[in-house]
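# Summary of the model geometry
If you want the building blocks of each chain, they are given just below.
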Amino acid sequence: MSDPVLIAAAWPYANAEIHVGNLTGSYLPADIFARYHRLRGRQVLMVSGTDSHGTPITVRADAEKSSPLEVYQRFHATFLDLFQKLGLTYDLFTSTHTANHFNVSQKIFLALKQNGFLYPDRQLQWYSPSQKRFLPDRYVEGTCYICGYTNARSDQCDNCGNLLDPTLLIEPRSKIDGTKPELRETEHMFLDLGRLQPQVIDFLRLRESFWRPNVLRQSLGQIQAESLRGRAITRDLDWGIPVPLEGWTGKCLYVWFEAVIGYLSATIEWSEVNGQPDAWRTWWHDPNAKAYYFIGKDNIPFHAIIWPAELIGISTTFDELMGYKDAEPMVLPHDVPANEFMNLEGQKISGSRNWAVWGRDFLTRYDPDALRYYLTVNMPETRDSDWDWNDFLHHNNDELVATWGNLVNRVLSFAYKNFEGKVPEPGLLTDLDTELIKTIEDGFISVAQEMEAVRLRSALGEAMSLATEVNKYLEITAPWQAIKTDRQAAGRAIYTAIQAIDSLKILLAPFLPFTSERLHNFLGYDAPLFGTQSTEVRKDSVAEHSVLRYHPETATGRWEPGKIEPGHLLRVPAPLIRKLEPKIVEEERARLGSKPA
Ligand SMILES: [Zn+2]
């Protein structure tokens, strides 16, 4: 096996369903990247789970008169459903509400404490005199003191993206009853980011040459502008992971401190599930392992500063607490290819106004690859992008169907009808034929270059431009005409086009796995390109939780040109991709902003 690749996809937060902006921001790019590396034969592990703690969930549970557990489990179930339908192949998608995650998070906390990177301090915190309780994070809203946005959460502003000092919030109000809270003292544990700063800067400098500018701006740039200060990593809240210290009852670990630990705990759970409890160390200790974190731009500071700081701070102590004699330091993030945001028809996506395209709802009317295609060509890799229904229609019909689906269907139907359902005998290839085959073969290098650099839009564009080359080739060779006068020439062109299609099937497979799998079947292959997915319920001392698993064992796809032989039997072809009616544009626009069903 070659170098291990850890693919860490952002943890969806369990207080809303997932919309297209979330998908294109982090979950879909992670899956495309994972599928590509699996085709390369690398030791891939893609993990994530539901972020199930913190105040947005307790606030919602209060409003619904239900419990945080019910809220988290309800949304967790919708995530599992969507990810299966969209083919997001997590090796393990779990949750933070598990005994394993509690244990790993508490050990990280203790390792940081043992290494001197935690200190207790008293802090001013908003307190509700009417409710007689502290109001952490989302329980308080007000005006952002950086940009003036009037609906800022006390810990982070959704408008400017900055992390906020809650005590500086202008005109604070309680989320529970709208009353004005007052500042009172409370004791918390702080992560000593100031002491970790030199090592965090070294870590970032080593990655300066290849990280995206937006990520560097919010990490290295931010630290250079203002030194890191200690951050409270505990909260006055009981929904969460208890602080593992005597006398700290009623306080839990701050959700952002523990959610990022999920990448590690999910790897450990995956190892347990697979009956190889030490396997996680491959991705967390091997110096050749590369860890990629796929996240949205609102999460950059947590993944590019705080999580690396936690990993640096625990050093080998986490291993020691886990009982390993050969304790080793942790693998730090290699890349954090954070995406910008996707808007919708020119406006910011808003769940509360139902100004959103919801993943599961979309898939009741359209195919998963249509969504994957549009979200990739429109991926906000370098700037915000916009979901526009008319644009979606045209990308689907004029590119995906016209350039790729029709090409496949024309060639395979023609071969099936005119060459007894077999790949034709080509005879001697012409220069034009070998040139096309060579052009497509070179795609395995050019598309891979874009993939390795996490430029997924460009990688898909490159693959689609190769499909255009095949169309041009068929315009010149015109086998549909040639068959009337020169059966050999027609057979040669169809043979060549089938070779090209067989290769393009692989080049497009990370983006369009369902389509590629179907095409693979039409081409007469039996073993699938990719593995399978399943869910199962696991029970532990904290709660019951469902997990989504990917099983790679049956996968046979390889990142290499196809070598389909003359005489190879094809299966009955069918249209590969559905053409959409123009009327969907107005229908879909009419749904936006209306009350959810
Ligand atoms: Zn702001």
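The coordinates are above.
Given the structure is predicted, the values throughout are model-derived calculations rather than measurements.

Okay, the overall build of the chain next. What the chain contains, in helices and strands, is 21 helices and 17 strands. In terms of overall dimensions, the chain is globule-like: its C-alpha atoms have a radius of gyration of 26 Å, near the 25 Å expected for 597 residues. Principal-axis analysis of the C-alpha atoms places the extent of the chain at approximately 90 × 60 × 45 Å. Across the 597 residues in the chain, those meeting the buried criterion constitute 57%. Across the chain, contacts joining residues at least 24 apart in sequence account for 76% of those joining residues at least 6 apart. Carbon and sulfur atoms form 49% of the exposed surface of the chain, whose accessible area is close to 23,900 Å². Each charge class in the chain was averaged separately, 62 positive and 77 negative side chains, and the resulting centres sit 3 Å apart.

Taken together, the six strands give an open sheet; going across it, the order is 13-1-2-3-17-16, and neighbouring strands pair in mixed fashion. With partners counted over all chains shown, the strands left at the sheet margins are strand 13 (290–294) and strand 16 (532–539), one partner each. Sheet twist, expressed as the average angle between the axes of neighbouring strands with direction ignored, equals 20°. As paired elements, strand 1 (residues 4–9) and strand 2 (residues 43–50) share five bridges and run parallel to each other. Of the residues in strand 2, the one forming a bridge with Ala-8 is Val-47.

Let's shift gears to the sheet that holds strand 4 (residues 118–128). Whenever strands of a sheet pair, they do so through backbone hydrogen bonds, lying parallel or antiparallel. One open sheet holds the four strands; their spatial order is 5-4-9-10, and the pairing between them is antiparallel. Since the sheet does not close on itself, it has two edges, and those belong to strand 5 (133–134) and strand 10 (231–232), each with one partner. Sheet topology places strand 4 next to strand 5; two bridges connect them, and they run antiparallel. Opposite Tyr-127, over in strand 5, you have Phe-134 as the bridge partner.

Scanning the model with the defined rule gives 41 salt bridges in all. Where Arg-42 meets Glu-452, a salt bridge forms, and the shortest distance between an N and an O atom there is 2.8 Å. Residue Arg-42 is found in the loop between helix 1 (20–39) and strand 2, and its partner Glu-452 is found in helix 16 (residues 431–452); the two are separated by 410 residues along the sequence. The exposure class assigned to Arg-42 is partly exposed, which follows from its relative accessible area of 21%. Across the pair Asp-502 and Lys-505 runs a salt bridge whose closest N-O atoms are separated by 2.6 Å. Of this pair, Asp-502 and Lys-505 both sit in helix 19 (residues 487–508), three residues apart, which is roughly one turn of the helix. What you see here is one network of salt bridges that share partners, running through Glu-17, Asp-81, Lys-85 and Arg-360.

Considering the arrangement of structural elements, one finds Arg-38 in helix 1. Judged by its relative accessible area of 12%, Arg-38 is buried. Reaching out from Arg-38, the side chain makes a polar contact with the backbone oxygen of Thr-89 at a distance of 2.8 Å. Among residues more than four places away in sequence, those in contact with Arg-38 are Val-44, Met-46, Thr-89, Asp-91, Tyr-550 and Arg-558.

A few words now on the coordination of the zinc ion. Looking at the metal site, the zinc ion is ligated by Cys-144 (SG), Cys-147 (SG), Cys-157 (SG) and Cys-160 (SG), spaced 2.3 Å from it. Taken together, the four donor atoms surrounding the zinc ion define angles of 106 to 115° at the centre, an arrangement classified as tetrahedral. If you list the donors of the zinc ion from N- to C-terminus, the spacing comes out as C-x2-C-x9-C-x2-C. Given the relative accessible area of 2%, Cys-144 is considered buried. Note on Cys-147: relative accessible area 35%, which makes it partly exposed.

So, on to helix 9 (residues 262–273). Look at helix 9: 16 Å from first C-alpha to last across twelve residues, which is about the 16 Å you get at 1.5 Å a residue. Burial in helix 9 covers these residues: Gly-262, Tyr-263, Leu-264, Ser-265, Ala-266, Thr-267, Ile-268, Glu-269, Trp-270, Ser-271 and Val-273. Directly after helix 9, the chain includes Gly-275, whose backbone phi takes a positive value near 70°.

Before going further, it helps to spend a moment on unusual backbone geometry. Positive phi, normally seen in glycine, also occurs at Ser-315, with a value near 45°. Mapped onto the elements, Ser-315 comes out in the loop between helix 11 (300–314) and helix 12 (317–321). Ser-315 gets classed as partly exposed once you look at its relative accessible area, which sits at 30%. Phi is positive for Glu-345, which is not a glycine, with a value near 50°. Assignment of secondary structure puts Glu-345 in the loop between strand 14 (342–344) and helix 13 (359–362).

Here we come to the nonpolar core. A general trend in soluble globular proteins is that nonpolar side chains are found buried together. Residues Phe-83, Trp-284, Trp-387 and Trp-404 are the most contacted members of the largest nonpolar core, which totals 184 residues. Not counting the four nearest positions on each side in its chain, Phe-83 is found in contact with Pro-12, Ile-18, Leu-23, Tyr-27, Leu-88, Tyr-90, Phe-93, Gln-533 and Leu-548. In terms of nonpolar packing, the next biggest core, distinct from the first, is built from twelve residues, Val-59, Tyr-139, Val-140 and Cys-144 among them.

So, about helix 19. With 22 residues, helix 19 should reach 32 Å at 1.5 Å per residue; the first-to-last C-alpha distance of 31 Å fits that figure. Of all the 22 residues making up helix 19, 20 are buried; the element is thus mostly covered by neighbouring parts of the structure.

Structurally, the position occupied by Tyr-293 is in strand 13. Here the alpha-carbon distance between Tyr-293 and Pro-333, two residues 40 residues apart in the chain, equals 7.0 Å. Setting aside chain neighbours within four positions, we find Tyr-293 in contact with Leu-6, Ala-8, Tyr-263, Trp-284, His-303, Trp-307, Pro-333, Asp-335, Val-336 and Pro-337. At 3.0 Å, the side chain of Tyr-293 forms a polar contact with the side chain of Trp-307.

Packed helices, taken two at a time, are described by their axes: the angle between them and the distance between them. Put simply, helix 15 (residues 389–418) and helix 19 touch, their axes get as near as 10 Å, and they point 135° apart. Classified by the interaxial angle, the pair formed by helix 15 and helix 19 is oblique. Of the two possible hands of crossing, helix 15 and helix 19 adopt the one that is left-handed. Side by side, helix 15 and helix 19 meet where Trp-404, Leu-407, Val-408, Val-411, Leu-412, Phe-414, Ala-415 and Asn-418 of the first sit next to Arg-487, Ile-494, Ala-497, Ile-498, Ile-501, Leu-504, Lys-505 and Leu-508 of the second. Looking at the contact of helix 15 with helix 19 residue by residue, the class counts come to 13 nonpolar, one polar and two charged.

What makes Glu-345 buried here is its relative accessible area of 19%. Separated by 2.7 Å, the side chain of Glu-345 and the backbone nitrogen of Trp-389 make a polar contact. Every residue in contact with Glu-345, bar those within four places of it in the chain, is listed here: Trp-355, Asp-386, Trp-387, Asp-388, Trp-389, Arg-589 and Leu-592.

Structurally, the position occupied by Phe-117 is in the loop between helix 4 (99–114) and strand 4. Given the relative accessible area of 10%, Phe-117 is considered buried. Along the sequence, Phe-117 and Asp-192 sit 75 residues apart, while their C-alpha atoms lie 5.1 Å from each other. Among residues more than four places away in sequence, those in contact with Phe-117 are Leu-112, Phe-190, Leu-191, Asp-192, Arg-195, Leu-196 and Gly-313.

Each value, and the rule that gives it
Residues numbered from 1 in each chain as written. Predicted model: local features only at pLDDT ≥ 70, side-chain atom pairs only at ≥ 80, totals over all residues. Heavy atoms only, no water. Helix = DSSP H or I, 4+ residues; strand = E, 2+ residues; numbered from the N terminus. Rg over C-alpha atoms; globule rule 2.2 N^0.38 Å. Buried < 20%, exposed > 50% of the residue type's maximum accessible area, 1.4 Å probe, protein only. Contact = heavy atoms within 4.5 Å. Areas by Shrake-Rupley, 256 points an atom, 1.4 Å probe, with all protein chains shown as cover. Lys, Arg positive; Asp, Glu negative; His and termini not counted. Charge placed at Lys NZ, Arg CZ, Asp CG, Glu CD. Pairing = 2+ DSSP bridges. Axes fitted to C-alpha atoms, helices over the stretch in contact; angles between N-to-C directions. Salt bridge = Lys/Arg side-chain N within 4 Å of Asp/Glu carboxyl O. Polar contact = N/O pair within 3.5 Å; in protein donor to acceptor, adjacent residues only side chain to side chain. Donors = N, O, S within 2.8 Å, 3.2 Å for Na, K, Ca; no water. Tetrahedral: all angles 85-135°; square planar, octahedral: opposite > 155°, others 65-115°. Expected span 1.5 Å × (residues − 1). Core = buried A, V, L, I, M, F, W, Y, C linked by side-chain atoms within 4.5 Å. Parallel < 35°, antiparallel > 145°, perpendicular 65-115°, else oblique. Left-handed = near helix turned anticlockwise from the far one by under 90°. Nonpolar A, V, L, I, M, F, W, Y, C, P; charged D, E, K, R; others polar.

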